[in-house]
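For reference, the chains in residue letters:
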Amino acid sequence: MLYDYLRSQYRPNEPIFLSDVTLPGVSRDAVRQQFKTLCDAGKIVRYEDGVYYIPAQTRLKGGARLSPDLVALRKYIDHKGSTDGYYSGFTFANQVGASLQVPQVREIVTNRTNSWRRAVRIRNQEFVLRKPRVPVTAENAKALQLLDLFKDLDSYSDLPVSQTAPIIRRYMKNAGLTLSQLEAFLPSYPAKTLRMMYEVGLFKGDDS
């Protein structure tokens, strides 16, 4: 019964979090035991404590495996189809192109922590989790992510402001972000954030 349910809810090589799985009329201990039985039979694989996956068919010896980044994405950013977080810090600065540094530690702002800073390890990859200044939703995630970048842009960016400005404007255009969307959350950010927005020239153009 559990295996059929997992196959209907999860694709191969997609993280399955034990804490998310409930079966009507079945106790938590019984569900946990069924997970162990499926692991022993080779139908699912235990990735780490509380995290499993259905192995994909592959010709490679040992089969394909999960990556720590995918586990973090599904646990802290896109959990069960709900937008709960986003990458931040040097991680996001590098993704945007404002920093050439490829951080060894990924930074994530997420609703799924109550700490201003908490380090976690998924297999061999370290992540730093931070709680958001404003609860993250699908509607505001990109705006909050960019405001977090502005807050410490002078620390994250390897480039002069003249080169950073067009990179950020291009990102905003591609992400469909407007200046008014950013301004709506400015009261939750330090004054430095607004100052950096002025420095990259966001208030020189229109709000489109």
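Everything below is about the structure shown above.
This is a predicted model, so every value here is computed, not measured. (Residues numbered from 1 in each chain as written. Predicted model: local features only at pLDDT ≥ 70, side-chain atom pairs only at ≥ 80, totals over all residues. Heavy atoms only, no water.)

(A) Focus on the nonpolar core. By size, the foremost hydrophobic cluster in this structure holds 31 residues, and its most contacted members are L146, F150, L182, M197 and L202. Mapped onto this core, the elements with two or more residues apiece are α4 (89-96), α5 (141-151), α6 (153-156), α7 (161-175), α8 (179-183) and α9 (191-199). No other element matches the seven residues that α5 contributes to this core. Apart from the residues within four sequence positions on either side, M197 is in contact with L147, F150, L179, L182, L186, L202 and F203. Counting 15 residues, the second largest nonpolar core, distinct from the first, contains Y47, V71, A72 and I122. (Core = buried A, V, L, I, M, F, W, Y, C linked by side-chain atoms within 4.5 Å. Buried < 20%, exposed > 50% of the residue type's maximum accessible area, 1.4 Å probe, protein only. Helix = DSSP H or I, 4+ residues; strand = E, 2+ residues; numbered from the N terminus. Contact = heavy atoms within 4.5 Å.)

(B) Summary view of the pattern of salt bridges. Evaluated as defined, the whole model comprises 10 salt bridges. K36 is paired through a salt bridge with D40; the nearest N and O atoms lie 3.0 Å apart. Pair noted here: K36 and D40 are both in helix α2 (residues 28-40), with a separation of four residues, about one helical turn. On the basis of relative accessible area, K36 is assigned to the partly exposed category, the value being 46%. According to the relative accessible area criterion, D40 is exposed, its value standing at 58%. Here D154 ties to K192 by a salt bridge, and the two come within 3.3 Å at their closest N and O atoms. Highlighted residues: D154 in helix α6 and K192 in helix α9, separated in sequence by 38 residues. Bridged by salt links that share partners, the residues K151, D152, D154 and K192 form one connected network. (Salt bridge = Lys/Arg side-chain N within 4 Å of Asp/Glu carboxyl O.)

(C) Main features of the packing of helix α1 (residues 2-9) against α2. α2 packs onto α1 with a crossing angle of 85° between their chain directions and a minimal axis gap of 10 Å. In this view, α1 runs roughly perpendicular relative to α2, as classed from their interaxial angle. Listed contacts from α2 to L2, Y3 and L6 of α1 are V31, Q34, F35 and L38. Its residues placed into classes, the contact of α1 with α2 shows six nonpolar, one polar and no charged. (Axes fitted to C-alpha atoms, helices over the stretch in contact; angles between N-to-C directions. Parallel < 35°, antiparallel > 145°, perpendicular 65-115°, else oblique. Nonpolar A, V, L, I, M, F, W, Y, C, P; charged D, E, K, R; others polar.)

(D) Fine view of the sheet that holds strand β3 (residues 51-53). Read from one edge to the other, the open sheet built from three strands follows the order β1-β3-β2, with strand pairing classed as antiparallel. If you trace the sheet from one side to the other, it starts and ends with β1 (16-17) and β2 (45-48), each paired once. Where β1 lies against β3, two bridges are found, and the strand directions are antiparallel. Counterpart to I16 in the pairing with β3 is Y52. (Pairing = 2+ DSSP bridges.)

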